[in-house]
Amino acid sequence: AQAQVLTEHADVNLVLAQRFLSDANNFVLPARLINCQLANADTLFNGGDMLALIHGSPVNIFGNFSSSLMRTADLQALLPVLTEAGTGFQALLDFALFICLMRRGNLVMLRSVMSVERLAPERLSKQPDMLKAASQELKWLQEMLVARGSEDAPATGWVRSIALSRIVRDQPHKWEELA
């Protein structure tokens, strides 16, 4: 499903699937901000609008590498810059990459659940070195969002979107506004 979206939609740079969160005992947790469902269908979102939405409060609502698919050429161009020795991302690499991809194009979120993320207390993201790195990297992400350079969303907090089923091939998108 994710590969088909990339194949059929040249303006899409990032395809995400829903993910469940579980605790250390594999009990599926209720939905939270970090894995919320933004639409009731497989949906294309305007990348610039999504960046504007998270600009004031950069929280990764998009997921992680396990729930995403992107083009190899984009990875080859972006990863060396984002992971440069001494000044690169570690703790927030997935979020930084997603931001870069949305600066280049649009995002599709699929309703299908394709991964489960275990939120165990001892997970890598909760290790002291990663927490320290995340603090600095969050500042870099804020700088990236300020420099995003895309057109403004229709209104603060609004995101243009269209259900994949409503897209007409080779026609401009008839955006709907999601508040």
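Quick note: structure is the one above.
Residues numbered from 1 in each chain as written. Predicted model: local features only at pLDDT ≥ 70, side-chain atom pairs only at ≥ 80, totals over all residues. Heavy atoms only, no water.

Caption draft 1: Molecular detail of the overall build of the chain. Helix and strand counts for the chain come out as five helices and six strands. Going residue by residue from the N terminus, the α and β elements of the chain occur as α-β-β-α-β-α-α-β-α-β-β. What you see for the chain is a C-alpha radius of gyration of 16 Å, in line with the 16 Å of a compact globule of 179 residues. Counting only C-alpha atoms, the chain reaches 50 × 40 × 30 Å along its principal axes. (Helix = DSSP H or I, 4+ residues; strand = E, 2+ residues; numbered from the N terminus. Rg over C-alpha atoms; globule rule 2.2 N^0.38 Å.)

Caption draft 2: Layout of the pairing of strand β1 (residues 12–22). With ten of eleven residues buried, β1 is to be regarded as a mostly interior element. In this sheet, strand β4 (residues 106–118) lies alongside β1 in parallel orientation, the contact comprising ten bridges. The residue bridging L21 from the neighbouring strand is E117, located in β4. Of the pairings in the sheet, the one linking β1 to strand β3 (residues 68–70) comprises three bridges and is antiparallel in character. Note that in β3 the partner of L14 across the bridge is M70. (Buried < 20%, exposed > 50% of the residue type's maximum accessible area, 1.4 Å probe, protein only. Pairing = 2+ DSSP bridges.)

Caption draft 3: Structural detail: helix α4 (residues 93–104). In this model, α4 (twelve residues) spans 17 Å end to end at C-alpha, consistent with the 16 Å of a helix rising 1.5 Å per residue. Across the twelve residues of α4, ten count as buried, placing the element largely inside the fold. Where α4 is buried, its residues touch β1, α2 (47–55), β3, α3 (72–82), β4 and α5 (128–146). (Expected span 1.5 Å × (residues − 1). Contact = heavy atoms within 4.5 Å.)

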